[in-house]
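# Residue-level structural notes
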Amino acid sequence: MKLEHVGIAVKNLEQSNLLFKKLFGQTVYKSEFVASEGVETSFFQLGETKVELLEGHDPQGAIAKFINKRGEGIHHLAFEVEDIQYEIERLQSEGFEFVQEIPKEGADNKRICFLHPKSTNGVLIELCQEIKE
């Protein structure tokens, strides 16, 4: 397991892309809309780790709710795993709870699922596995 990316909730993706471009000294390498989550995302590559910016387009979606409650900021930590189904079962057997137990397609060609923050000291953890064709 390794840190794959840090997800940051933002109100305005275009403005945030400009801000983080200045901060990192590089441009976004990928942007996409993830319909299942109702978010538009962009990614910056920083060595082996990425920063994902997320703008919610669904007022009832997780990102919009997060921003309304807490404001912009770190939303989640994502860890890349070799076998997401194995990790779900392993972590359930260790007592962790999941937001959803069935992985779904996420951004950046990944299958994803989230552990519930109440079982991870308040931190939303995403497990992600690259989709191999």
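Let me sum up the structure you'll find in this document. (Residues numbered from 1 in each chain as written. Predicted model: local features only at pLDDT ≥ 70, side-chain atom pairs only at ≥ 80, totals over all residues. Heavy atoms only, no water.)

## Details of the overall build of the chain
When helices and strands are tallied, the chain shows three helices and eight strands. Listing each helix as α and each strand as β along the chain from the N terminus yields β-α-β-β-β-α-β-α-β-β-β. For a compact globule of 133 residues, the expected C-alpha radius of gyration is about 14 Å, and the chain comes in at 15 Å, within 12% of that figure. C-alpha atoms of the chain, sized along the principal axes, occupy 45 × 35 × 25 Å. Across the 133 residues of the chain, 43% fall into the buried class. Taking all contacts inside the chain whose residues are at least 6 apart in sequence as the whole, residues at least 24 apart take part in 53%. Accessible area of the chain: about 7700 Å², with a carbon and sulfur share of 49%. Here the chain holds 15 positive side-chain charges and 23 negative ones, and the gap between their average locations is 5 Å. (Helix = DSSP H or I, 4+ residues; strand = E, 2+ residues; numbered from the N terminus. Rg over C-alpha atoms; globule rule 2.2 N^0.38 Å. Buried < 20%, exposed > 50% of the residue type's maximum accessible area, 1.4 Å probe, protein only. Contact = heavy atoms within 4.5 Å. Areas by Shrake-Rupley, 256 points an atom, 1.4 Å probe, with all protein chains shown as cover. Lys, Arg positive; Asp, Glu negative; His and termini not counted. Charge placed at Lys NZ, Arg CZ, Asp CG, Glu CD.)

## Here's the deal with the state of the cysteines
Evaluated as defined, the whole model comprises zero disulfides. Here Cys113 is not disulfide-linked; the sulfur of Cys128 is the nearest cysteine sulfur, at 9.3 Å. Cys113 gets classed as buried once you look at its relative accessible area, which sits at 0%. Exposure remark for Cys128: the relative accessible area of 0% places this residue in the buried category. (Disulfide = S-S within 2.5 Å.)

## Details of helix H2 (residues 62-70)
Taken together, the buried positions of H2 are occupied by Ile63, Ala64, Phe66 and Ile67. Projected down its long axis, H2 shows its buried positions confined to an angular sector of 160°, all on one face. Of the exposed residues in H2, the ones pointing more than 90 degrees away from its buried face are Asn68 and Lys69. Among the structural elements, strand E1 (2-10), strand E3 (39-46), strand E4 (49-56) and strand E5 (73-80) are those in contact with the buried residues of H2. (Arc of directions from axis to C-beta.)

## Quick word on the pattern of salt bridges
This structure, assessed with the given rule, holds 11 salt bridges. For the salt bridge of Lys50 with Asp108, the shortest nitrogen-to-oxygen distance reads 2.6 Å. Placement of the pair is Lys50 in strand E4 and Asp108 in the loop between strand E6 (104-105) and strand E7 (110-115), with a sequence separation of 58 residues. Residues Lys50 and Asp108 agree in their burial class; the two are buried. Notably, a salt bridge pairs Arg90 with Glu87, separated by 2.9 Å at the nearest N-O pair. Placement of the pair is Arg90 and Glu87 together in helix H3 (residues 84-93), with a separation of three residues, close to one helical turn. Exposure remark for Glu87: the relative accessible area of 13% places this residue in the buried category. (Salt bridge = Lys/Arg side-chain N within 4 Å of Asp/Glu carboxyl O.)

Purely geometric numbers; function is a separate question.
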